[in-house]
Amino acid sequence: MDPARSLRFPRLARCDYAPPMLEPLIDAWDAMAGIPHLGWWLSLLWGLYLIVLAGWIVLQKREPVATLSWLLSLAALPLIGYFIYYFLGPLRIRRQRLHRARARAALDGCVPPPGDHADSADLARLAQATTGFAPTRSSAVALLIGGAPTFDALLTEIDAARHHVHLEYYIFEPDRTGTRVRDALVARARTGVRVRLLLDAVGSSRLGQDFLAPLRAAGVEIAWFHPFRLRRLKRPKFNLRNHRKLAIIDGRVAFTGGINISDEQSRRVHARAWHDLHLRLEGAVVRALQAVFLEDWSYAAKVALRDERLWPPLEPGGLPTLVLPSGPDSPWEAIHRVQMEAILRADRRVWLVTPYFVPGEAARYAITSTALRGVDVRVMVPKASDSRIVSAAARSYFEELLAAGVRVFEYQPRMLHSKSMLVDDDIVMIGSANFDNRSFRLNFELSLLLRDAALAAELEAVWRTDEREAREVGARRRLGLPQRLLEASARLLSPLL
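Residues numbered from 1 in each chain as written. Predicted model: local features only at pLDDT ≥ 70, side-chain atom pairs only at ≥ 80, totals over all residues. Heavy atoms only, no water.

## A short note on the pattern of salt bridges
Move 1: Using the criterion set out here, one finds 28 salt bridges in the structure.
Move 2: Between Arg345 and Asp122 there is a salt bridge, with the nearest N and O atoms lying 2.9 Å from each other. Within this pair, whereas Arg345 is found in the loop between α12 (334-344) and β10 (349-353), its partner Asp122 is found in helix α7 (residues 118-131), the two being separated by 223 residues in sequence.
Move 3: Given the relative accessible area of 25%, Asp122 is considered partly exposed.
Move 4: With a shortest N-O distance of 3.3 Å, Arg364 and Glu400 are connected by a salt bridge. One end of the pair, Arg364, is in helix α13 (residues 361-372); the other, Glu400, is in helix α15 (residues 398-403), and 36 residues separate them in sequence.
Move 5: Residue class for Glu400 comes out partly exposed when judged on its relative accessible area of 29%.
Move 6: Look at the salt bridges and you will find they share partners, linking Glu157, Asp250, Arg252, Arg280 and Glu282 into a network. (Salt bridge = Lys/Arg side-chain N within 4 Å of Asp/Glu carboxyl O. Helix = DSSP H or I, 4+ residues; strand = E, 2+ residues; numbered from the N terminus. Buried < 20%, exposed > 50% of the residue type's maximum accessible area, 1.4 Å probe, protein only.)

As C-alpha cells, this is what we get:
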C-alpha cells in the first residue's frame, strides 16, 4: 500500500438532505482533503507539538509519575492539551521576597524558643527550615467544632475590634452567613476600624458587585488572589489557589482552620452542613499569623503595610506552636514534610481526618510503615465527598492501607471537611490542607501544629464522637466490576488531582 495514500483524508459525500448551514464546513473539509500529503503534515505537526509540550513539562522537574501522567494525558489532545496545561498545569511562581522579609521582620526577637521535648525540637527545626517561621507559642487556644460556634466567636471579636480586622478566605459566599459577616465588617469599618478582605478569585467567584458595594462604600479594602484576566498575555495562575482561612483582629486574636464563610458550613442554617474544625488563638502565634496575612496581602494588593499597631504587645508563654504556611512559591512542601515527620516519629497512635485522601508515594510509605511497626494508625474520610472522582481515588488506596494494619473509617451523616491529625498524646495538627497533591504542592495552605495534652484530649473526644457516626471499612471489600474500574481509573488521575 502506498503510505501517502493511506494518510489521505476522505472527501465527504454530498447529500441532498444536508442542512445548508453545513455546506461551508463540507467545502472546507473537501479543500483540506485536496491538499497533497496533508496526513503527513499533520503527523509532523503532532510530533513537534509533543516534543515542545514534553520539554515544557519535563523542565518543571515534577515527580516522574506526575510528569508521565501529564504527557500521556495531553499527547492524545493536540492543541487542546496545550491550553489545558497552560491554564491548569503545575507552575512555580516567585513571590515578592522583599514584602515577605518586611512582614517577618516584625517577628524578630518576639517568638520564644521551642519546647524542650526532643521530638518537638526536631519538628520545630524542620518547620523553621522549610517555612522561615521560627517556633512560637499560643497563650490561649479554643477548639471550635462546626461553623455555627466559629462564626459566633468570629463575629464577637469583629464587633470588639478597635484598630483592624484582617480576613483571608478561599470561599466567601453571598448567602445568609456571608451577609452576616459582611454587615459586621461594614459596621466596624464605619467606626474607623481598618478592614481588609483578601479573597480567592475562584473560591469566592460568586461575590457580585451588589454584594461588595456596601463594603467598598464603608471603606473596606478588598484584594483578589490570582484573578483571572484574559487581557493579560502572560500565563495565568488559574490553578494556584489561596486555600487559606485566616482572620486577625487587632493583632491579638486569630482564627484559622478549615471553615469557610458559607451557609454550607453552619448547621444553624443547614442540617447537613459540612462537619469541620477551626481554632481561636491568642498569644505570640498571632504575630506569625499576622505575618502570613501581610505576605499574602502585599502579594495580592501590591501594598506593604508597615503600621506598628499591627504588632501590639502579646502575652508570652503558652503551648508550643508551629505555624506552617506552604504553597508553590516554595519547593519544600512544608506541611507535607512536617506531617510525614510527625507520622514517622509516632510511638502510640496517628489518627488522621481528611475530606480528600489522595496520598503520594511518600505519604503512603509513611502511613503504612508506621502501622506495620505496631502504631495505632487510623484514617477517617467522608463516605461521599463533593467530588466523586476524589472519593473513588481515595478508596483505591484502602486495600493497601488495610493490609498494613491501618484502620479506615468512612464518616456517614454528611460531608466531613475537617483536616486534623492526632499523634500520640500531645501533638495536634489542624489547618486548611487536605491530604492530597493539590494541597501539598499547588494550593497556598496554612496549618498549625501544637503540642498540648489537653488539646489532644479534646481532639480525641471529637474523633470518638465522629467514629460513632462512621463505618469502619472491612478488610475484604466486596466490589462489583464497575466500582473496581471506577476506583482504578480515578487512581490513574491521582497525580493530577
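## Brief notes about the packing of helix α8 (residues 147-159) against helix α9 (residues 176-190)
Move 1: Where α8 contacts α9, the two axes come as close as 9 Å, and the packing angle between them is 15 degrees. Classified by the angle between their axes, α8 and α9 sit roughly parallel to one another. Judged by the sense of rotation from one axis to the other, the crossing of α8 with α9 is left-handed. Contact residues: α8 offers Phe151, Asp152, Leu155, Ile158 and Asp159, while α9 offers Thr177, Arg180, Val181, Ala184, Leu185 and Arg188.
Move 2: Its residues assigned to classes, the contact of α8 with α9 shows six nonpolar, one polar and four charged. (Axes fitted to C-alpha atoms, helices over the stretch in contact; angles between N-to-C directions. Parallel < 35°, antiparallel > 145°, perpendicular 65-115°, else oblique. Left-handed = near helix turned anticlockwise from the far one by under 90°. Contact = heavy atoms within 4.5 Å. Nonpolar A, V, L, I, M, F, W, Y, C, P; charged D, E, K, R; others polar.)

## As for the packing of α12 against α13
Move 1: Taken N-terminus to C-terminus, the directions of α12 and α13 make an angle of 15 degrees; their axes are 9 Å apart at the nearest point. With respect to each other, α12 and α13 are oriented roughly parallel. Classified by chirality, the crossing of α13 by α12 is left-handed. Contact residues: α12 offers His336, Met340, Ile343 and Leu344, while α13 offers Ala362, Ala363, Ala366, Ile367 and Thr370.

## Notes on the sheet that holds strand β12 (residues 376-382)
Move 1: Sheet architecture is open: nine strands sit in the order β1-β9-β17-β15-β14-β10-β12-β13-β18, paired in mixed fashion. With one partner strand each, in any of the chains shown, β1 (136-138) and β18 (470-472) form the two edges of the open sheet. Pairwise comparison of adjacent strand axes, ignoring direction, gives a mean angle of 20 degrees for this sheet.
Move 2: Relative to strand β9 (residues 319-326), helix α11 (residues 285-301) is tilted by about 5 degrees, and along the sheet it contacts β1, β9 and β17 (445-451).
Move 3: Sheet strands touched by α12: β9, β10, β14 (420-423), β15 (427-431) and β17. Its angle to β9, the strand with the most contacts, is close to 135 degrees. (Pairing = 2+ DSSP bridges.)

Interpretation in functional terms is not warranted from these geometric data alone.
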